[in-house]
Structure formats: C-alpha cells, structure tokens
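So you can see what is in the structure, the chains are spelled out below.
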Amino acid sequence: MNTMEWVQFALYLGLIFLVTKPIGLYLYQVLETDGPTFLSPVMGRLEKTVYRLMGIDPKTEQDWKSYTISMLAFSLVTLIATYLILRFQDVLPLNPQHLKAFTTDLAFNTAASFTTNTNWQSYGGESTASYFSQMVGFASHNFFSAAVGLAVAGVLVRAISRDKQKGLGHFWVDLVRIHLYLLLPLCTVFAMFLVSQGTIQNFTDYTNVVEKVAENPPQTPAQSLAQGPVASQVAIKMLGTNGGGFFNANAAHPYENPTPLSNFIQMLSIFLIPSGLTYYLGKKVKHQGHGWAIWSAMALLFTATFLVCWWAEQKGNPRLESLGIDMSMGNMEGKEVRFGVFNSALFATITTAASCGAVNAMHDSFTALGGLIPLLNMQLGEVIFGGVGAGLYGMILFVILAIFIAGLMVGRTPEYLGKKIEAYDVKAAVLATLAVALCILGFTAWAVVSPWGVSSLNNQGPHGLSEILYAYSSAAANNGSAFAGLNANTPWYNTTLGIAMLIGRFFIIIPVLALAGNLARKQLVSVSAGSFPVSGVTFTLLLIGTVLIVGALTFLPALALGPLVEHFLMTGSSKVF
C-alpha cells in the first residue's frame, strides 16, 4: 500500500464529504413538492404540462396505502413492458445485429432485475440485448427504479418530520420532480463527461476488425467490436446505483470506463446521491447532527470494509507465491492492469456498499477474504451509503432497531426525533430486515441441495457455496454483481433469482411505507433530557453495532462455511477445524 493509494482514498472520502451538503440541499428542494429549484425556470412549465396530461393535482397528498398502490402499479406496468420488449426484441427496431428474443425465464429475470434496481444480468449485454432493449427497456428502467427508491426515502423522512398527519406526498408528483429536476439533468452532464473521456455513444453496426496478412487478401473478421448508446446508460447506472452494464465486462470494458479519471468519477457518482440524502434527512427533521451521525456510521463501515478488502487483495494468494510466482503487485487475477489492486478493491467495496453492482474487476477471482467483503456489504442490507433512497430508508430501519434496543437497556419508551417508537414500528422494521435474510438463506439452502443448483457450478467446496450465496445475496439485496463462476442463465436460477429480487425490493418498501404512515400520524413531542440522543459518538457506535449484530451475525454460519473456510484452506490453516 503506497502513499499515492492512501492519498487517493483520502481524496475520495474527502470529496464525498464535501459534496454531501450541496447535494443534500438540492435534494431538499427537489423533494419539497412545491419548492423551486434553480432549474424551475427551465423545467417548471414542462412539469405543469406533465401534471395536466396525467390528470394530477400536485397539491393533493396520498396516505401510505394509496402511495403504496401507486408505486406497485407503476412497478408492475413497467415490469410487464420490459418483459414484452425482451420477448419481442427480434421484431422491434434498433436491432442491427438481428439478436434473438429473450427466452421466457430470462425475460422474467431481467425485467424483475431492472424493475427492482438490481440489474442482475444472466446474459452478455452486447451479445444478447438490442439497442432498443438497452435504451427503452433497461436505461429507462434505471431512471424509474432509482426514482422510486428516492421517492420512498423522501416519504419516510417526511413522515418523521410531520405532526399528526395522514398525507405523505404524492407518488406521481415525486416521480415527475425526481426525473425532471435531478436524474435527467445530472445524467445529461455526466454522459457528456463520459463521452469526453472516450465512452462511446452511437447507433452504428458492430465493427468487424479484419485480420490482414501480408500479400494476402483480408481474411474472415477476427473480432467484432460492439457499438451502441453506452454513455447514456453508464451515467444513470452509476448515479442511480443500478449497475447493469451495456457490456458483459461492465466497467472493466474500455468503452464503458476508458480512463483513470472516468473510473474515479464513476466511483464518486455511486455515493453522490446516497451521501447527500443523509444531509437532506438532517435538514428536513431539523436535526443536522443526526444526519451527520448516520453519515459517519456509513463512512466508518465503508472505510473498515474497504481496508480489509484492499489488504487481502494486496497480500495475494500464498499458494501461488509458494510456486515462485511474484505476488508483489498483489492478486491480479481477474483485474484490469490499468486499474490494479487498489482501484479494483475500492470499486468492489463501493459498488456493493451501495446497491449498484457495477464492477471493474471480477469478484469471483478475489481472494477469500477479499471476496468476503462484497458479500458482507450486501448482507448488511447495503446501508453503507446504499442505493439511491434504499440506503437511507434501510439505515433508518436500523436506527429504529438501535433506539428500541437502547430503550430496553435504560428501561424507557424508545423515542426517535420526537416520535414514540412502539410495537408497530419495531415490527415493520423487523419484518423488512428478516424478509431479506430469510430470502437469501432460504434460496441458498434450496440450491445447494438441488441438482439444478449445483449443476451450474464451476467450482466445488466452499467456493462453490460462496458463488451460490453471493448470487442470492446480490439478488435479494438488489445489488446485481456476481461471482461469475456460477452459470445462472438456467430456468431454475432465472426464476428463483427473479423472485428473490422482487422480495428484496418490495418486502422492504411496503413495510417502510407502512412505518412512514404510522410515524406521520403520531404527535411530535418535545425532546427531553431523558430522550436518547440521536447524534454524537455514542449513537454512531450504537448504530454501527446494530448493523453488525443484526446483519453480520445472521449470515455468520453461511460465511463460515464459504469464504472463511476457503481462506483457511488457502493459507494452509485448515487444521484449525
């Protein structure tokens, strides 16, 4: 670990800290449905036109049930639309390569994936999906799913700040404002930057590179270079923490991620909105210290997990070193030489701390402990900054649990920002937390004892278990990255992973909206000397402890049988068992 790598990490974390306040202030303007932004002179008339076309009164509000029904209806319609696009891809336009339609199970898996902001891909993008599917089916869904997550986070924060109200805002108004004032402008600027770095954006046919031999005519094309509208999809997949790549190699592909600068800015963009949401929370509830306490908990967890991953990958594989292979550069298997160990470990930690799933290295090739970190990040609920919206409302669930635990310890009714935390609230938080854990462990257990589960493995033993566990963790946590040694493009895997994605998304969002409805109806009470403080070092450490206890210990037995056993086997320490 050299000095420049430490400087780059400090620069990254410092920039995330610096942009948190301005992004948070802008998010406050966007999520305040009647608030102006600096884009209002440009977008205001368009916003009103959209409301008229949709027949929406932006001044009306929905209760949590109406808001949930609108969100589910929108998600269902867009899921069906994407499914149909993929099933009829072969007859739709913008298909210069004449790619075939998706199979039924793959179309379901992919539609569920993009609807839930997971972007798991059981296919190679450039060899399977047409330009029409990539743009209309995938890129548009990247906007939709990110906006839904952000809207739900906004609803929960509004509920915490309100006093005896039923209204939580209006889903369609939130959706329109998030698109017009945040995602579309940001992605336009980001896509232009990516093009300036060399990311491609076109609709041309794939380029056939012809091998020429001296004094002989051109031979059969040696390679087909994929083209397409890449920059526009990369922009929203990063800013919206979606992660689905135009190319199968994702952010390791030079057409998606051409330069060290594009790599750094892409990493920065993943945490941009999730980090800003913590400041938005503090401003909205009029307790900025609380927002910074949550940010600090996220940043400390991120730093700790990154340092472990970086150390493990830099240390390399002792078995290869014993064979005389130079490991001075660390474990370079599955990594881009132009990024190296440091940027690969940093990217992997960021993309799994957020529910992004984009990769610039193959996680299946990481060392046992290096691969454990992306896996653990997802199993913690992807609340270490987390996805757009999903990271904040996921962390607030842990805040509810932490305050409840603290209340039990001191023998007082738990209270959160002037709202009494009662049985209903704790049940909603526990339901959302347990749904994902049961989904991951249940599907993994089923797969490892079934012929359809083990027949897709390229590796046996603990690494094979890790590959299956990683797949369902990625699906249920709505991440989308993968241990590539597992062939998941089978009817059984496509179907079960698709179901896991839907559970991981909506079995959290629905309890969160129910929690929001209950909190909004409560009366705000004055914070007294006996109230548990929700800022400062004590609260931050309690929150971190709750995340680790609830998240990590749930999966410790599975992790022990997978990456931990593999680590001891790799280091020759298996005799401890």
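The shown structure was predicted, so the numbers you read here are calculated from the model rather than taken from an experiment.

Parameters at a glance
- Residues numbered from 1 in each chain as written.
- Predicted model: local features only at pLDDT ≥ 70, side-chain atom pairs only at ≥ 80, totals over all residues.
- Heavy atoms only, no water.
- Helix = DSSP H or I, 4+ residues; strand = E, 2+ residues; numbered from the N terminus.
- Rg over C-alpha atoms; globule rule 2.2 N^0.38 Å.
- Buried < 20%, exposed > 50% of the residue type's maximum accessible area, 1.4 Å probe, protein only.
- Contact = heavy atoms within 4.5 Å.
- Areas by Shrake-Rupley, 256 points an atom, 1.4 Å probe, with all protein chains shown as cover.
- Lys, Arg positive; Asp, Glu negative; His and termini not counted.
- Charge placed at Lys NZ, Arg CZ, Asp CG, Glu CD.
- Core = buried A, V, L, I, M, F, W, Y, C linked by side-chain atoms within 4.5 Å.
- Polar contact = N/O pair within 3.5 Å; in protein donor to acceptor, adjacent residues only side chain to side chain.
- Salt bridge = Lys/Arg side-chain N within 4 Å of Asp/Glu carboxyl O.
- Patch = residues over 30% accessible without salt bridge, like charges linked within 9 Å, V, L, I, M, F, W, Y side chains within 5 Å.

Chemist: Looking at this model, I keep getting lost on the overall build of the protein chain. Mind explaining?
Modeler: Along its length, the protein chain carries 19 helices and 4 strands. Taken over the C-alpha trace, the protein chain has a radius of gyration of 23 Å; the compact-globule value for 577 residues is 25 Å, and the two agree within 12%. Overall, the protein chain is about 85 × 65 × 50 Å in size when its C-alpha atoms are taken along their principal axes. A total of 577 residues make up the protein chain; the buried ones form 59% of that total. For the protein chain, contacts bridging at least 24 residues in sequence account for 78% of all contacts bridging at least 6. Split by element, the accessible area of the protein chain, about 22400 Å² in all, is 66% carbon and sulfur. Distance between charge centres in the protein chain, computed from 30 positive and 28 negative side chains, equals 14 Å.

Chemist: Would you mind going over the nonpolar core with me for this structure?
Modeler: Inside soluble globular proteins, nonpolar side chains tend to come together where they are buried. Within the largest apolar cluster, 164 residues are counted, with the highest numbers of intra-cluster contacts made by Phe271, Phe302 and Tyr416. The contact partners of Phe271, leaving out residues within four places of it in the chain, are Tyr12, Ile16, Phe302, Ile350, Ala353, Ala354, Ile384 and Phe385. Judged by nonpolar contacts, the second largest core, of 8 residues, contains Leu86, Phe114, Ala129 and Phe138.

Chemist: Looking at this model, I keep getting lost on the side chain of Ser355. Mind explaining?
Modeler: Relative to the assigned elements, Ser355 resides in the loop between α12 (340-353) and α13 (368-379). A distance of 3.5 Å separates a polar side-chain atom of Ser355 from the backbone nitrogen of Gly387. Here Ser355 is in contact with Asn117, Thr241, Asn242, Glu382, Gly386, Gly387, Ala477, Asn478 and Asn479, once residues within four sequence places are set aside.

Chemist: Sorry, what's going on with unusual backbone geometry here?
Modeler: Keep in mind that most residues, glycine aside, have a negative phi and that most peptide bonds are trans. The phi torsion at His98 lies on the positive side, around 55°, for a residue other than glycine. When you line up the elements, His98 lands in the loop between α3 (64-87) and α4 (104-115).

Chemist: Looking at this structure, I do not really get the environment of Val195. What am I missing?
Modeler: On the secondary structure map, Val195 appears in helix α7 (residues 171-197). You can call Val195 partly exposed: its relative accessible area is 42%. Along the primary structure Val195 and Pro36 are separated by 159 residues, whereas in three dimensions their C-alpha atoms are 31 Å apart. In this structure Val195 touches Gln201 and Ala231, once residues within four positions along its chain are discounted.

Chemist: Help me understand the pattern of salt bridges, please; the structure alone is not making it clear to me.
Modeler: A side chain of one charge can pair with a side chain of the opposite charge when the charged atoms of the two come close. As enumerated under the stated definition, the model contains 10 salt bridges in all. Put simply, Arg177 and Glu47 hold a salt bridge, and the shortest N to O gap is 3.2 Å. Note that Arg177 is positioned in helix α7 and Glu47 in helix α2 (residues 40-54), a separation of 130 residues in sequence. The buried category is assigned to Arg177, whose relative accessible area is 3%. Of the residues examined, Glu47 reaches a relative accessible area of 7% and is grouped as buried. Among the ionic contacts, a cluster of salt bridges with common partners joins Glu422, Asp425 and Lys522.

Chemist: It is not clear to me how a nonpolar patch on the surface should be interpreted in this structure. Could you clarify?
Modeler: Among the surface-exposed residues, Leu76, Ile80, Leu84, Phe88 and Val91 lie close enough to one another that they form a single nonpolar patch of about 480 Å² accessible area. By secondary structure assignment, the location of Val91 is in the loop between α3 and α4. Accessibility expressed as a relative area gives 62% for Val91, which makes it exposed.

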